[in-house]
Amino acid sequence: MSKNSSSSGSFSVLGADVSITGNITAKTELHIDGTVEGDIDCASLVQGDGSQITGEVKAESARLAGRVDGAIHARELVILRSATINGDVHYEALTVEQGAAVQGRFAPREAGAPAKSSSSSTSQASSSSDSTSTSTSSSASDLGIAPMSAGNDAASERESANASASSSNYY
C-alpha cells in the first residue's frame, strides 16, 4: 500500500451498476466496476474489466482491466490484457499484459516526481509479446523511435526525415 493509505485498510467500491459523473478523490484504495465520467485521484486504483473511466487518473498504484479514456499518472501501473487505454501514460514502473490495447504516449517519470509529468515520448502499443512485458526506464525516444502522426506511414516519415536532415543542420 502507499503512504497515503489509511492504516485501517479501508477501501471504497463502486459496483457495476453505479455511474458517477464528477471527480472522485479517495485517500485509500478505490475499486471501480461501474462507469465514471470525471477525474480520479486516489492512493490505489483497481479497475474491473467491465468498467469505463472517462477522465484523468492519478494514483500511486493502479491496476487497470477496463476502458480508460484519458491520461494516466501512476507510480506503479499494471495494464491487464482486458484493458483498453486511450490516452497518455505516465509511470515509474509499468507492466503491460499480452492483449492489452494502448493508444497514446508512454512517458516514464523520475522516481519521486510529482504526479504530473511534462516529459513525453510517443508509442502506439498493442501488446503482442508472448509474456508479460515490464518497462521501468526506457521510452520510445530512448530507443530512437520517431513519433508517428495520424495519416503518415513509415515510408513518408523516413522521406520527411531525410529531407529535413539534408536541408538543416542540427548541433
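Placed above this text is the structure.
Right, let's walk through the structure included here. Only a predicted model underlies this, so the values are computations on that prediction, with no experimental measurement involved.

Reading the values: rules and limits
Residues numbered from 1 in each chain as written. Predicted model: local features only at pLDDT ≥ 70, side-chain atom pairs only at ≥ 80, totals over all residues. Heavy atoms only, no water. Helix = DSSP H or I, 4+ residues; strand = E, 2+ residues; numbered from the N terminus. Buried < 20%, exposed > 50% of the residue type's maximum accessible area, 1.4 Å probe, protein only. Contact = heavy atoms within 4.5 Å. Areas by Shrake-Rupley, 256 points an atom, 1.4 Å probe, with all protein chains shown as cover. Pairing = 2+ DSSP bridges.

**What about the overall build of the protein?**
- A count of helices and strands for the protein gives 1 helix and 15 strands.
- The 171 residues of the protein split such that 34% are buried.
- Long-range pairs, those at least 24 residues apart, make up 16% of the contacts in the protein between residues at least 6 apart in sequence.
- About 9,600 Å² of surface is accessible on the protein, with carbon and sulfur atoms providing 47% of the total.

**Observations regarding the pairing of strand β3 (residues 24–32)**
- Pairing of strand β1 (residues 11–14) with β3, which is carried by 4 bridges, proceeds in the parallel orientation. Among the inter-strand pairings, Val13 is bridged to a residue of β3, identified as His31.
- For β3 and strand β5 (residues 40–47), the ladder comprises 7 bridges, and the chain directions are parallel. Across the sheet, the residue bridging to Leu30 is Leu45, located in β5.

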